Amino acid sequence: MRIIKTKTYEELSLEAANIIRSVIILNPFAVVGLATGSTPIGTYKKLIEWYNKKEIDFKNISTINLDEYVGISYDDKCSYHHFMEENLFDKINVNKENTYIPNGMSNDLKNECEKYDNIINSKVRIDVQLLGIGENGHIGFNEPSDEFIYDTHIVDLTLDTINANKRFFDDESKVPKKAITMGIGPIVNSNIPLLLASGKNKSDAIEKMVKGQISSKCPASILGLNKNTIVIVDEEAGSKI
Ligand code: PGA
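Note that the structure is a prediction, hence the values are computed from the model and not measured.

> Whenever I open this one, the pairing of strand S2 (residues 31-34) confuses me. Can you help?
Look at any regular strand and the pattern is simple: side chains alternate between the two faces of the sheet. Residue alternation in S2 divides its side chains into two sets, Val 31 and Gly 33 and Val 32 and Leu 34, and both sets are buried. Bridge count between S2 and strand S3 (residues 62-65): four bridges; the pairing is parallel. Among the inter-strand pairings, Val 31 is bridged to a residue of S3, identified as Ser 62. Once the chain exits S2 it traverses helix H2 (residues 41-52) before rejoining the sheet at S3, and the crossover so formed is right-handed. Across two bridges, the pairing between S2 and strand S6 (residues 128-131) is parallel. Counterpart to Val 32 in the pairing with S6 is Val 128.

As structure tokens, then:
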């Protein structure tokens, strides 16, 4: 695991965007795993800036997102579909037919999980998987639990996660209690898991992940099994390592 410590969120975003750009330069057909939440927004802004300057071309890449809420429709402004359109897809030249996000509105969620795994498995491998980390150590919506779940699955969000997500909703009672998430398998087996953390509230999770045992109680700790893992932390998130 390589740890990059930056002073600020801006530097963290630049480092992350540079790694993604390098992957796409080396392989214009790269499969890029994407994440939602506050943390990757600066990275996406950098990528958009370079696209506008014609310094990066997304035409041939595919993207696979980590997760989506159950019961929130595509066009809801709180959906991760909407987040991705607004923060990245509508602003670059990615072919939207090659962007994948689970469908949390499916009336057969079990089948939706299988379909998502088939999409993931149809790719040779995810070349770079961007990740945030929850204060509870989750990656994607793989919440702390008694076991690691390898494949895409439906998850009951923990109270910590529901509380953390409230900030994105006008009406707190609308915060979903369930989500569909890529499992641990494709994340840890991606060519480069790239985890970003910013802010003091992430320092405990980063400490557990970097210094603790590999444990499903801190799902991010599994990234220690992949020697290509890159963790980028700003000063506050990295203050305990
Ligand atoms: P955040 O979420 O980037 O909004 O802090 C990260 C996560 O929960 O994985």
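> Is there a simple way to explain the sheet that holds strand S8 (residues 178-181) in this structure?
Note: strands within a sheet are paired through backbone hydrogen bonds, in either parallel or antiparallel orientation. On the basis of which strands lie adjacent, the open sheet formed by three strands has the order S4-S8-S7 and antiparallel pairing. Edge positions in the sheet fall to strand S4 (67-69) and strand S7 (153-156), since each of these pairs with one other strand and no more. Across the sheet, the mean angle from the axis of one strand to that of its neighbour is 25°, orientation sign disregarded. As paired elements, S4 and S8 share three bridges and run antiparallel to each other. Counted as the bridge partner of Asp 67 is Thr 181 from S8.

What counts and how
- All residue numbers refer to position in the chain's written sequence, counted from 1.
- With the structure being a predicted model, the display of local features is reserved for residues of pLDDT at least 70 and the display and counting of side-chain atom pairs for 80 or more, all residues being used for whole-chain, interface and lining totals.
- The side-chain numbers reported here are obtained from all heavy atoms of the structure, hydrogens and water having been left aside.
- Remark: exposure states derive from per-residue accessible area (1.4 Å probe, protein chains only) relative to the maximum for the residue type, with buried under 20%, exposed over 50%, and partly exposed in between.
- A run of H or I in DSSP counts as a helix once it spans at least four residues, and a run of E counts as a strand once it spans at least two, with each numbered from the N terminus.
- Pairs of strands are assigned from DSSP output, requiring at least two bridges between the strands.
- By the criterion used throughout, a crossover qualifies as right-handed when its path from the first strand across the helix to the second strand runs clockwise, the strands pointing away from the viewer.
- For helices, the fitted line uses only the C-alpha atoms of the stretch in contact; every axis is such a line through C-alpha atoms, and the angle between N-to-C directions lies from 0 to 180 degrees.

Everything listed is a geometric property; what it means functionally is a separate question.
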